[in-house]
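Examining the three-dimensional arrangement
Now for the letters of each chain:
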Amino acid sequence: STQSTGRSQVAAMSSRDDRSDDESPRRRNRSRSPESRESKEARRAERRARRAAKLARKEARTAQRSALSVAAASKKPAASNTASSSTRSYAPPTQVSHDAPVVAMIEVVCNDRLGKKVRVKANVDDTIGDLKKIIAAQVGTRPDKIRLQKWTRVFKDHITLDDYEVHDGFNFELYYG
(Lines give C-alpha, C1' and ligand atoms only; values in the text may rest on other atoms or scores of the structure.)
Protein backbone atom coordinates (compact mmCIF):
# COMPACT_ATOMS: atom_id res chain seq x y z
CA SER A 1 0.00 0.00 0.00
CA THR A 2 2.90 2.38 0.71
CA GLN A 3 4.36 1.70 -2.70
CA SER A 4 1.08 2.49 -4.44
CA THR A 5 0.74 5.86 -2.69
CA GLY A 6 4.34 6.65 -3.50
CA ARG A 7 3.75 5.92 -7.17
CA SER A 8 0.63 8.10 -7.26
CA GLN A 9 2.56 10.99 -5.71
CA VAL A 10 5.31 10.61 -8.28
CA ALA A 11 2.72 10.52 -11.07
CA ALA A 12 1.06 13.68 -9.72
CA MET A 13 4.39 15.50 -9.54
CA SER A 14 5.33 14.49 -13.06
CA SER A 15 1.97 15.69 -14.40
CA ARG A 16 2.57 19.08 -12.76
CA ASP A 17 6.02 19.30 -14.32
CA ASP A 18 4.65 18.40 -17.76
CA ARG A 19 2.37 21.45 -17.70
CA SER A 20 3.80 24.41 -19.60
CA ASP A 21 4.04 27.90 -18.14
CA ASP A 22 1.16 29.13 -20.32
CA GLU A 23 -1.27 26.65 -18.77
CA SER A 24 -0.41 27.65 -15.19
CA PRO A 25 -3.29 29.57 -13.61
CA ARG A 26 -0.91 31.83 -11.71
CA ARG A 27 0.90 32.76 -14.88
CA ARG A 28 -2.33 33.54 -16.67
CA ASN A 29 -3.52 35.98 -13.99
CA ARG A 30 -0.21 37.79 -13.66
CA SER A 31 0.37 38.52 -17.30
CA ARG A 32 -1.75 41.44 -18.45
CA SER A 33 -1.72 42.86 -21.87
CA PRO A 34 -1.17 46.60 -22.35
CA GLU A 35 -4.62 46.87 -23.94
CA SER A 36 -6.30 45.81 -20.70
CA ARG A 37 -4.28 48.41 -18.76
CA GLU A 38 -5.29 51.11 -21.20
CA SER A 39 -8.95 50.15 -21.01
CA LYS A 40 -8.73 50.15 -17.21
CA GLU A 41 -7.27 53.66 -17.26
CA ALA A 42 -10.01 54.75 -19.67
CA ARG A 43 -12.69 53.39 -17.33
CA ARG A 44 -11.09 55.22 -14.40
CA ALA A 45 -11.03 58.47 -16.38
CA GLU A 46 -14.71 58.02 -17.31
CA ARG A 47 -15.56 57.39 -13.65
CA ARG A 48 -13.69 60.52 -12.56
CA ALA A 49 -15.51 62.58 -15.22
CA ARG A 50 -18.90 61.22 -14.11
CA ARG A 51 -18.11 62.04 -10.46
CA ALA A 52 -17.04 65.57 -11.38
CA ALA A 53 -20.22 66.11 -13.41
CA LYS A 54 -22.36 64.77 -10.57
CA LEU A 55 -20.64 67.08 -8.08
CA ALA A 56 -21.16 70.08 -10.40
CA ARG A 57 -24.88 69.25 -10.73
CA LYS A 58 -25.20 68.93 -6.96
CA GLU A 59 -23.50 72.30 -6.37
CA ALA A 60 -25.75 73.94 -8.97
CA ARG A 61 -28.86 72.54 -7.26
CA THR A 62 -27.65 73.74 -3.86
CA ALA A 63 -26.96 77.23 -5.21
CA GLN A 64 -30.38 77.32 -6.89
CA ARG A 65 -32.15 76.22 -3.69
CA SER A 66 -30.37 78.81 -1.57
CA ALA A 67 -31.21 81.52 -4.11
CA LEU A 68 -34.86 80.44 -4.07
CA SER A 69 -35.01 80.38 -0.27
CA VAL A 70 -33.45 83.84 -0.02
CA ALA A 71 -35.87 85.14 -2.66
CA ALA A 72 -38.83 83.57 -0.83
CA ALA A 73 -37.72 85.08 2.47
CA SER A 74 -37.47 88.56 0.95
CA LYS A 75 -40.93 88.38 -0.68
CA LYS A 76 -43.03 88.31 2.50
CA PRO A 77 -46.34 90.15 2.01
CA ALA A 78 -46.60 93.55 3.65
CA ALA A 79 -49.08 93.77 6.53
CA SER A 80 -51.84 96.25 5.90
CA ASN A 81 -54.29 97.42 8.56
CA THR A 82 -56.91 98.53 6.02
CA ALA A 83 -57.06 95.27 4.05
CA SER A 84 -59.28 92.52 5.38
CA SER A 85 -57.83 89.14 6.29
CA SER A 86 -59.41 87.48 3.25
CA THR A 87 -58.02 89.98 0.71
CA ARG A 88 -54.30 90.39 1.25
CA SER A 89 -52.37 92.31 -1.31
CA TYR A 90 -48.71 91.89 -2.07
CA ALA A 91 -46.64 95.04 -2.37
CA PRO A 92 -43.20 94.40 -3.87
CA PRO A 93 -40.36 96.27 -2.20
CA THR A 94 -39.61 99.58 -3.85
CA GLN A 95 -35.90 99.48 -3.19
CA VAL A 96 -33.73 96.49 -2.35
CA SER A 97 -31.01 97.16 0.16
CA HIS A 98 -27.78 95.44 -0.80
CA ASP A 99 -26.13 96.40 2.50
CA ALA A 100 -28.10 93.82 4.50
CA PRO A 101 -26.22 90.57 5.03
CA VAL A 102 -27.70 87.52 3.33
CA VAL A 103 -28.47 84.78 5.82
CA ALA A 104 -28.18 81.27 4.48
CA MET A 105 -31.14 78.97 4.98
CA ILE A 106 -30.46 75.32 5.66
CA GLU A 107 -32.59 72.21 5.97
CA VAL A 108 -31.91 69.84 8.85
CA VAL A 109 -33.36 66.41 9.57
CA CYS A 110 -34.54 65.37 13.03
CA ASN A 111 -35.09 61.66 13.62
CA ASP A 112 -36.50 60.30 16.89
CA ARG A 113 -35.85 56.69 15.77
CA LEU A 114 -39.40 55.79 16.76
CA GLY A 115 -40.82 56.32 13.30
CA LYS A 116 -40.95 60.11 13.16
CA LYS A 117 -38.50 61.91 10.88
CA VAL A 118 -38.95 65.66 10.47
CA ARG A 119 -37.29 67.96 7.91
CA VAL A 120 -37.04 71.55 9.12
CA LYS A 121 -35.77 74.70 7.42
CA ALA A 122 -33.93 77.22 9.55
CA ASN A 123 -31.51 80.10 9.22
CA VAL A 124 -27.87 79.62 10.13
CA ASP A 125 -28.05 82.40 12.72
CA ASP A 126 -31.03 80.79 14.52
CA THR A 127 -30.40 79.34 17.95
CA ILE A 128 -31.07 75.74 18.92
CA GLY A 129 -34.00 77.05 20.98
CA ASP A 130 -35.54 78.61 17.86
CA LEU A 131 -35.04 75.32 16.00
CA LYS A 132 -36.74 73.44 18.84
CA LYS A 133 -39.77 75.74 18.53
CA ILE A 134 -40.05 74.98 14.81
CA ILE A 135 -39.68 71.24 15.45
CA ALA A 136 -42.24 71.39 18.27
CA ALA A 137 -44.77 72.96 15.89
CA GLN A 138 -44.33 70.10 13.42
CA VAL A 139 -44.07 67.24 15.91
CA GLY A 140 -46.76 68.43 18.29
CA THR A 141 -44.82 68.51 21.57
CA ARG A 142 -43.62 71.35 23.75
CA PRO A 143 -40.21 72.83 22.86
CA ASP A 144 -38.92 72.41 26.41
CA LYS A 145 -39.61 68.66 26.19
CA ILE A 146 -37.37 68.24 23.11
CA ARG A 147 -33.68 67.37 23.38
CA LEU A 148 -31.52 67.59 20.27
CA GLN A 149 -28.45 65.43 20.28
CA LYS A 150 -25.76 64.01 18.00
CA TRP A 151 -24.07 60.95 19.52
CA THR A 152 -23.23 62.12 23.05
CA ARG A 153 -23.24 65.85 22.30
CA VAL A 154 -26.37 67.54 23.63
CA PHE A 155 -27.10 70.85 21.86
CA LYS A 156 -27.83 73.81 24.15
CA ASP A 157 -30.68 76.25 23.48
CA HIS A 158 -28.79 79.56 23.52
CA ILE A 159 -26.08 78.63 20.97
CA THR A 160 -26.60 79.26 17.24
CA LEU A 161 -26.54 76.64 14.51
CA ASP A 162 -23.54 78.37 12.95
CA ASP A 163 -21.58 78.10 16.21
CA TYR A 164 -22.24 74.35 16.26
CA GLU A 165 -21.29 74.22 12.54
CA VAL A 166 -24.64 72.71 11.59
CA HIS A 167 -24.79 72.50 7.80
CA ASP A 168 -27.45 71.78 5.21
CA GLY A 169 -28.66 68.19 5.52
CA PHE A 170 -27.43 67.80 9.12
CA ASN A 171 -29.06 64.94 11.08
CA PHE A 172 -30.15 65.51 14.67
CA GLU A 173 -31.23 62.81 17.08
CA LEU A 174 -34.57 63.87 18.58
CA TYR A 175 -35.38 62.80 22.14
CA TYR A 176 -38.43 63.63 24.23
CA GLY A 177 -38.07 64.21 27.93
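Residues numbered from 1 in each chain as written. Predicted model: local features only at pLDDT ≥ 70, side-chain atom pairs only at ≥ 80, totals over all residues. Heavy atoms only, no water.

1. Topic: the pairing of strand 5 (residues 171–176)
Two strands pair when backbone bridges link them, and strand 1 (residues 105–111) and strand 5 are joined in this way by three bridges, in the parallel orientation. Counterpart to Val 109 in the pairing with strand 5 is Asn 171. Taken together, the four bridges between strand 3 (residues 146–150) and strand 5 define a ladder with antiparallel strand orientation. Pairing of Leu 148 across the sheet is with Leu 174, part of strand 5. (Pairing = 2+ DSSP bridges. Helix = DSSP H or I, 4+ residues; strand = E, 2+ residues; numbered from the N terminus.)

2. Digging into the packing of aromatic side chains
The tally for this structure, following the rule as stated, stands at four aromatic pairs. Arranged with centres 4.6 Å apart and planes meeting at 80°, the rings of Phe 155 and Tyr 164 form a pair that is edge-to-face. Tyr 164 gets classed as buried once you look at its relative accessible area, which sits at 12%. Aromatic pair Phe 155 and Phe 170: ring centres 6.3 Å apart, planes at 85°, arrangement edge-to-face. Of this pair, Phe 155 sits in the loop between strand 4 (153–154) and strand 5 while Phe 170 sits in the loop between strand 4 and strand 5, and the two are 15 residues apart along the sequence. Look at Phe 170 and you get buried, because its relative accessible area is 13%. By the ring-pair criterion, three or more aromatic residues cluster together here, those being Phe 155, Tyr 164, Phe 170 and Phe 172. (Phe/Tyr/Trp six-rings, centres within 6.5 Å; stacked < 30°, edge-to-face > 60°. Buried < 20%, exposed > 50% of the residue type's maximum accessible area, 1.4 Å probe, protein only.)

3. A look at a negative patch on the surface
Taken together, the side chains of Asp 125, Asp 162, Asp 163 and Glu 165 make up a negatively charged region of the molecular surface. With respect to the helices and strands, the residue Asp 125 is situated in the loop between strand 2 (117–123) and helix 4 (128–139). (Patch = residues over 30% accessible without salt bridge, like charges linked within 9 Å, V, L, I, M, F, W, Y side chains within 5 Å. Areas by Shrake-Rupley, 256 points an atom, 1.4 Å probe, with all protein chains shown as cover. Salt bridge = Lys/Arg side-chain N within 4 Å of Asp/Glu carboxyl O. Lys, Arg positive; Asp, Glu negative; His and termini not counted. Charge placed at Lys NZ, Arg CZ, Asp CG, Glu CD.)

4. Observations regarding the confidence of the model for the protein
Confidence along the protein averages 78 in pLDDT terms, with 62% of residues attaining 70 or more. Across the protein, strand 4 holds the top mean pLDDT of 96, while helix 2 (residues 25–30) sits lowest at 53. (pLDDT = per-residue confidence, 0-100.)

5. A look at the environment of Tyr 164
Structurally, Tyr 164 can be placed in the loop between strand 4 and strand 5. Spatially, the C-alpha atoms of Tyr 164 and Ile 128 are 9.3 Å apart, while their sequence positions differ by 36 residues. Ignoring any residue separated from it by four or fewer positions in sequence, one finds Tyr 164 in contact with Ile 128, Arg 153, Val 154, Phe 155, Lys 156 and Ile 159. A polar contact is formed between the side chain of Tyr 164 and the backbone nitrogen of Lys 156, at a distance of 3.0 Å. (Contact = heavy atoms within 4.5 Å. Polar contact = N/O pair within 3.5 Å; in protein donor to acceptor, adjacent residues only side chain to side chain.)

6. Quick notes on helix 4
Residue pairs spaced three or four apart in an α-helix point in one direction, given the helix's 3.6 residues per turn. Between the first and last C-alpha of helix 4 there are 16 Å, a value that for 12 residues agrees with the 16 Å anticipated at 1.5 Å per step. Within helix 4, burial applies to Ile 128, Gly 129, Leu 131, Lys 132, Ile 135, Ala 136 and Val 139. Seen end-on, helix 4 carries its buried residues on one side only, within an arc spanning 150°. Opposite the packed face of helix 4, turned more than 90 degrees from it, sit the exposed residues Lys 133 and Ala 137. Along its buried surface, helix 4 packs onto strand 1, strand 2, strand 3 and strand 5. (Expected span 1.5 Å × (residues − 1). Arc of directions from axis to C-beta.)

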